[in-house]
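# Coordinate analysis (summary)
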Amino acid sequence: MKFYNLLKKYFSNNEDEEKKPEVAKKSGLDQDKYLDKLELSYLFSIFNLYEKVRELPGHIVELGVGAGRNSILFGNLLKITSQHNNYKYFGFDTFKNYTDKDFIENPSLIKNKNKWDDNSLEYVEKRIRSHGLESICTFIEGDIRNTLDSFLNSPNLKKSADAFHCKLLYIDTSSYTPAKIGMEKLYDHIVPGGIISIDQRSQGGETNAIIEFCNEKSLEVTTGTFFNDIPAYIVKK
Ligand SMILES: C[S@@+](CC[C@H](N)C(=O)[O-])C[C@H]1O[C@@H](n2cnc3c(N)ncnc32)[C@H](O)[C@@H]1O
């Protein structure tokens, strides 16, 4: 029941209940949520990004899971394109908000200081189960500064014996160091043609990290072309 209330809170708008047609009142959800320009353009950008890597071998890694929105999107995309037997989604997060180090390094995060306080791994896993994606999506809890190494050294966690190949590294930490460490540690695991992408519309830590990383490695960084598209990404040669 708690989960349904959360869902209802997330999808509902402030529209006057009385003015809604019966069909909308019955569902209790805002039917137009996904027809909103921002929502729709975001989904379009994610689908388009996935399409660029769909035919490549490799997993999807997301740094910064939040409440699991992209886990559900990428998990479903792997499933509906029948790639989920071989390729999985791995999501990294503290599941407790940014770390103190992140707030110090990225002062702009302080304006939404408590945004992710109520998040938890239990909540995200429950959400994933309700979408039937638990065999596709795996979560790694903790500060990305510490968890990436242990993940790459753990055959059980990464679900492969010695190798780990990744076709998409999607970075949404909003903070600099976890984004930079992610690129540094995972770059060698990205398959040729694979993509490293950031999700930061208002420039900050992730943007600095990708530009710095490209300068250090002499890589080309590019941007999506549609409204509300992926702000910056690298295609590995
Ligand atoms: C913008 S949210 C992610 C939103 C999510 N990708 C989505 O699509 O809804 C940023 C997330 O990054 C996580 N994060 C930031 N710094 C982190 C770190 N050092 N280690 C682990 N997670 C971190 C935060 O806990 C937060 O959940």
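Within every chain, residues take consecutive numbers counted from 1 along the sequence as written. Reporting in this predicted model follows two pLDDT cut-offs: at least 70 for local features of residues, and 80 or more for side-chain atom pairs to be given and counted; totals over whole chains, interfaces and linings ignore these cut-offs and use all residues.

## Comments concerning the site of the ligand
The line we're drawing: Nearness here has a simple definition: the residue's C-beta atom, placed using the backbone, must lie within 6 Å of the molecule or strand. Secondary structure counts use DSSP, requiring at least four H or I residues in a row for a helix and at least two E residues in a row for a strand, with both numbered from the N terminus. The classification used treats Ala, Val, Leu, Ile, Met, Phe, Trp, Tyr, Cys and Pro as nonpolar, Asp, Glu, Lys and Arg as charged, and all other residues, Gly among them, as polar.
Residues in close proximity to the ligand total 22 residues, the closest being Gly 64, Gly 66, Arg 69, Ile 144 and Asp 172. Contributions of two or more residues to the shell around the ligand are made by α4 (69–80), β2 (89–93) and α7 (144–152). For the shell around the ligand, a count of residues per class yields seven nonpolar, nine polar and six charged.

## Re the packing of helix α9 (residues 176–186) against helix α10 (residues 205–217)
Worth spelling out the cut-off: Note on geometry: axes are lines fitted to C-alpha atoms, helical ones only across the stretch in contact, with angles between N-to-C directions running from 0 to 180 degrees. Handedness of a crossing follows from how the near helix is turned relative to the far one, being left-handed for an anticlockwise turn of less than a right angle and right-handed for a clockwise one. Whether two residues are in contact is decided by their C-beta atoms, placed from the backbone, lying within 7 Å.
Two numbers describe how α9 lies on α10: the axes approach to 8 Å, and their chain directions differ by 35°. For the pair α9 and α10, the crossing hand works out as right-handed. Across the interface between the two elements, Tyr 176, Ala 179, Lys 180 and Met 183 of α9 pack against Gly 205, Glu 206, Asn 208, Ala 209, Glu 212 and Phe 213 of α10. Residue composition of the contact of α9 with α10, by class: five nonpolar, two polar and three charged.

## Focus on unusual backbone geometry
Convention followed: Buried, partly exposed and exposed are defined by the number of other C-beta atoms within 10 Å of a residue's own C-beta, namely 20 or more, between the two limits, and 12 or fewer respectively, with C-beta atoms placed from the backbone.
Even without being glycine, Asn 97 reaches a positive phi, approximately 100°. If you trace the backbone, Asn 97 turns up in the loop between β2 and α5 (100–105). Here the phi dihedral of Ser 218 falls at roughly 50°; this positive angle occurs in a residue that is not glycine. Along the chain, Ser 218 turns up in the loop between α10 and β6 (232–235). Owing to 6 C-beta atoms within 10 Å, Ser 218 belongs among the exposed residues under this scheme.

## Side note on the confidence of the model for the protein
Quick note on the threshold: For every residue, the predictor reports its confidence as pLDDT, a number between 0 and 100.
Residues at a pLDDT of 70 or more form 88% of the protein, whose mean pLDDT is 90. A low-confidence stretch, residues 1–11 stays under pLDDT 50, and its non-local contacts, those more than four residues away or across chains, total six contacts.

## Remarks on the nonpolar core
Condition: What we call a nonpolar core is a set of buried Ala, Val, Leu, Ile, Met, Phe, Trp, Tyr and Cys residues whose membership is set by joining through C-beta atoms within 7 Å.
With 43 residues, the main nonpolar core has Val 61, Tyr 89, Leu 168, Leu 169, Ile 195 and Ile 196 as its most contacted residues. The dominant element in this core, judged by the number of residues it contributes, is strand β4 (residues 166–171), at five residues. Every residue in contact with Ile 196, bar those within four places of it in the chain, is listed here: Leu 169, Met 183, Ile 190, Tyr 233 and Ile 234.

## Considering the packing of α7 against α9
Put simply, the test is: Put simply, angles under 35 degrees are roughly parallel, angles over 145 are roughly antiparallel, angles from 65 to 115 are roughly perpendicular, and the rest are oblique.
It is the contact of α7 with α9, at a shortest axis distance of 9 Å, that shows an interaxial angle of 20°. One finds that α7 runs roughly parallel with respect to α9. Helix-helix and strand crossings are classified by hand; for α7 and α9 the assignment is right-handed. Together, Ile 144, Arg 145, Leu 148 and Leu 152 of α7 and Thr 177, Pro 178, Ile 181, Gly 182 and Lys 185 of α9 make up the contact between the two elements. Residues that form the contact of α7 with α9 fall into these classes: five nonpolar, two polar and two charged.

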